[in-house]
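Each chain is listed here by its residues.
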Amino acid sequence: MATTTHQIAQLPLAAAPLKARTRRNRLRVLLFLAPGLVGFAVFLIYPLVMTVWLSFTNSNMISQAQFVGLRNYRYLLDGDPLIWHAVRNTAWLVVIMVPAQVLFALGVAMVTARLKAGASLFRTLFYLPALAPPVAATVAFVCMFNPNSGPVNRILGLLGIHGPLWFNSPDWSKPALTLLALWGSGTMMVIFLAALLEVPSELYEAAELDGAGPWHRFRYVTLPTISPVVLFATVTGVIAGLQYFTQAMVASQVANGNIQAAPGYPDGSTLTFPQQLYIAGFNQFHAGYACALAVVLFVVAMAFTVVLLRRASGFDIEESPR
């Protein structure tokens with residue numbers, strides 16, 4: 001009994017080295033994390049905070065910035081004559097181009113996953129366009145769809161079809177950009193292909209024994225199994241669509257034949273929200289207004305991401321009891 005009492009009395013003294021060891025372990029972990037934390041603070045947190053602050057100023061990155069309150073945001077809603085063209089074009093790309101790209105990549109992945117002979121060759125051919133630099137790929141694509149000398153309209157002419165103006169038409173410029181996105185969806189196709197190859201074959205065999213057809217096997221076996229990958233492709237596609245810049249800028253300038261021309265040719269149909277941000281910040285030197293546009297773009301992208309993730313989690317909760 002005396003020994004037990006003595007051991008209990010020594011417990012606080014024994015706990016002290018343990019606390020010191022725990023503190024040293026935490027300091028060691030923080031030391032290893034320090035480079036990443038410093039980089040995160042310098043290259044993400046600080047620019048984000050400064051962008052929010054500058055959005056409330058009249059900064060032009062040259063003279064001293066002055067606080068103007070919500071003036072930049074009011075100008076975004078009522079004063080900018082081009083911003084709503086950019087919003088409509090960006091919304092069109094997000095609503096039409098992103099789902100088309102996801103469905104196309106999923107369809108190509110399903111076809112290549114079923115190939116027996118020459119599967120590696122076809123996978124390589126489908127993935128190669130994704131390796132092309134965006135600027136070079138866009139220039140080549142615009143030349144291919146040139147309404148006068150491009151091979152696409154020539155082939156359509158041989159088939160008795162009068163080809164449209166594509167990138168030179170306000171009605172066809174965004175569908176042409178969508179075709180460009182489908183052509184370059186090799187990376188998304190590879191991700192879907194990896195997910196499809198991981199679906200257990202036993203599930204397909206069990207569904208087939210139960211009399212499930214191809215559509216029901218896709219609906220109740222393939223789609224639920226790869227749903228996290230579909231969610232990932234959708235979220236990243238929406239974010240990329242909201243930030244769509246390079247291809248639209250290059251396509252408008254090449255189709256116009258003047259790299260010094262204002263973005264949006266023809267008739268503002270390819271002007272996107274990031275392009276308007278670029279014009280405000282680097283052409284007009286309205287850095288405060290450009291920061292306001294950047295803040296709005298960040299908030300919209302975050303809202304889309306949260307909505308998609310919540311809907312996906314709600315779907316999982318509803319489907320899980322089954």
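Residues numbered from 1 in each chain as written. Predicted model: local features only at pLDDT ≥ 70, side-chain atom pairs only at ≥ 80, totals over all residues. Heavy atoms only, no water.

### Focus on the overall build of the chain
What the chain contains, in helices and strands, is 15 helices and zero strands. Its C-alpha radius of gyration of 27 Å places the chain more than 25% over the 20 Å reference for a compact globule of 322 residues. The contacts in the chain between residues at least 6 apart in sequence include a share of 66% that link residues at least 24 apart. Total accessible area computed for the chain in this model is approximately 20000 Å², and 68% of it derives from carbon and sulfur atoms. (Helix = DSSP H or I, 4+ residues; strand = E, 2+ residues; numbered from the N terminus. Rg over C-alpha atoms; globule rule 2.2 N^0.38 Å. Contact = heavy atoms within 4.5 Å. Areas by Shrake-Rupley, 256 points an atom, 1.4 Å probe, with all protein chains shown as cover.)

### Brief notes about the packing of aromatic side chains
Scanning the model with the defined rule gives 11 aromatic pairs in all. Between phenylalanine 141 and tryptophan 183, the aromatic rings sit 5.7 Å apart at their centres with planes inclined by 40°, giving tilted as the arrangement. Here the residue phenylalanine 141 occupies a position in helix α6 (residues 134-144), and tryptophan 183 occupies one in helix α8 (residues 173-183), the gap between them amounting to 42 residues. Directly above the ring of tryptophan 92 sits lysine 174, whose terminal nitrogen or CZ lies 6.0 Å from the centroid. The ring of tyrosine 220 carries arginine 219 above its face, with NZ or CZ at 5.0 Å from the centroid. (Phe/Tyr/Trp six-rings, centres within 6.5 Å; stacked < 30°, edge-to-face > 60°. Lys NZ or Arg CZ within 6 Å of the ring centre and 35° of its normal.)

### Concerning unusual backbone geometry
Look at the link from tyrosine 265 to proline 266: it is a cis peptide, with omega at 0°. In this fold, proline 266 is placed in the loop between α13 (246-256) and α14 (273-283). For aspartate 267, which is not glycine, the phi torsion reads 55° and is therefore positive. Positioned with a positive phi, phenylalanine 285 is a non-glycine residue whose angle comes to about 60°. Of note, phenylalanine 285 is situated in the loop between α14 and α15 (287-319). Judged by its relative accessible area of 47%, phenylalanine 285 falls in the partly exposed class. (Buried < 20%, exposed > 50% of the residue type's maximum accessible area, 1.4 Å probe, protein only.)

### Focus: the confidence of the model for the chain
Per-residue confidence for the chain gives a mean pLDDT of 88; residues scoring 70 or more make up 92%. By mean pLDDT, the top-scoring element of the chain is α8 (95), and the lowest-scoring one is helix α1 (residues 2-9) (50). Here residues 317-322 scores under 50 on pLDDT; set against residues more than four positions off or in separate chains, the count is zero contacts. (pLDDT = per-residue confidence, 0-100.)

### What about the environment of valine 87?
Mapped onto the elements, valine 87 comes out in helix α4 (residues 83-114). By relative accessible area, valine 87 is classed as partly exposed at 28%. Once the C-alpha coordinates of valine 87 and threonine 57 are considered, the two residues, 30 residues apart in sequence, prove to be 23 Å apart.

### Topic: the nonpolar core
The biggest cluster of nonpolar side chains holds 34 residues, and the ones touching the most others in it are Phe192, Ile226 and Leu293. Within the residue set of this core, elements represented by two or more residues are α4, α9 (186-197), α11 (214-225), α12 (227-242), α14 and α15. Once you skip the residues sitting within four places of it in the chain, phenylalanine 192 turns out to touch Val102, Ala105, Leu106, Ala109, Val229, Val230 and Ala233. (Core = buried A, V, L, I, M, F, W, Y, C linked by side-chain atoms within 4.5 Å.)

### What about α13?
Within α13, the full set of buried residues consists of Ala248, Met249, Val250, Ala251, Ser252, Gln253 and Ala255. The elements touched by buried residues of α13 are α6, α8 and α14. With its phi angle positive at about 80°, glycine 257 sits one or two positions after the end of α13.

### Brief notes about a nonpolar patch on the surface
On the surface, a cluster of nonpolar side chains totalling about 470 Å² of accessible area is made up of Leu48, Val52, Phe298, Val299, Met302 and Val306. Of all elements in the fold, only α2 (11-54) and α15 reach the threshold of two or more residues within the nonpolar patch. Per element, the largest residue contribution to the nonpolar patch is four residues, and it comes from α15. Among the secondary structure elements, leucine 48 is positioned in helix α2. (Patch = residues over 30% accessible without salt bridge, like charges linked within 9 Å, V, L, I, M, F, W, Y side chains within 5 Å. Salt bridge = Lys/Arg side-chain N within 4 Å of Asp/Glu carboxyl O.)

### A word on the packing of α4 against α8
With their axes 9 Å apart at the nearest point, α4 and α8 run at an angle of 35° to one another. Viewed along their axes, α4 and α8 form a crossing whose handedness is right-handed. Contact residues: α4 offers Asn89, Trp92, Met97, Ala100, Gln101 and Phe104, while α8 offers Lys174, Pro175, Leu177, Thr178, Ala181 and Leu182. Split into classes, the residues belonging to the contact of α4 with α8 amount to eight nonpolar, three polar and one charged. (Axes fitted to C-alpha atoms, helices over the stretch in contact; angles between N-to-C directions. Left-handed = near helix turned anticlockwise from the far one by under 90°. Nonpolar A, V, L, I, M, F, W, Y, C, P; charged D, E, K, R; others polar.)

### Quick notes on a positive patch on the surface
A cluster of basic residues, Lys19, Arg21, Arg23, Arg24, Arg26 and Arg28, forms a positive patch at the surface. Given the relative accessible area of 46%, arginine 24 is considered partly exposed. (Lys, Arg positive; Asp, Glu negative; His and termini not counted. Charge placed at Lys NZ, Arg CZ, Asp CG, Glu CD.)

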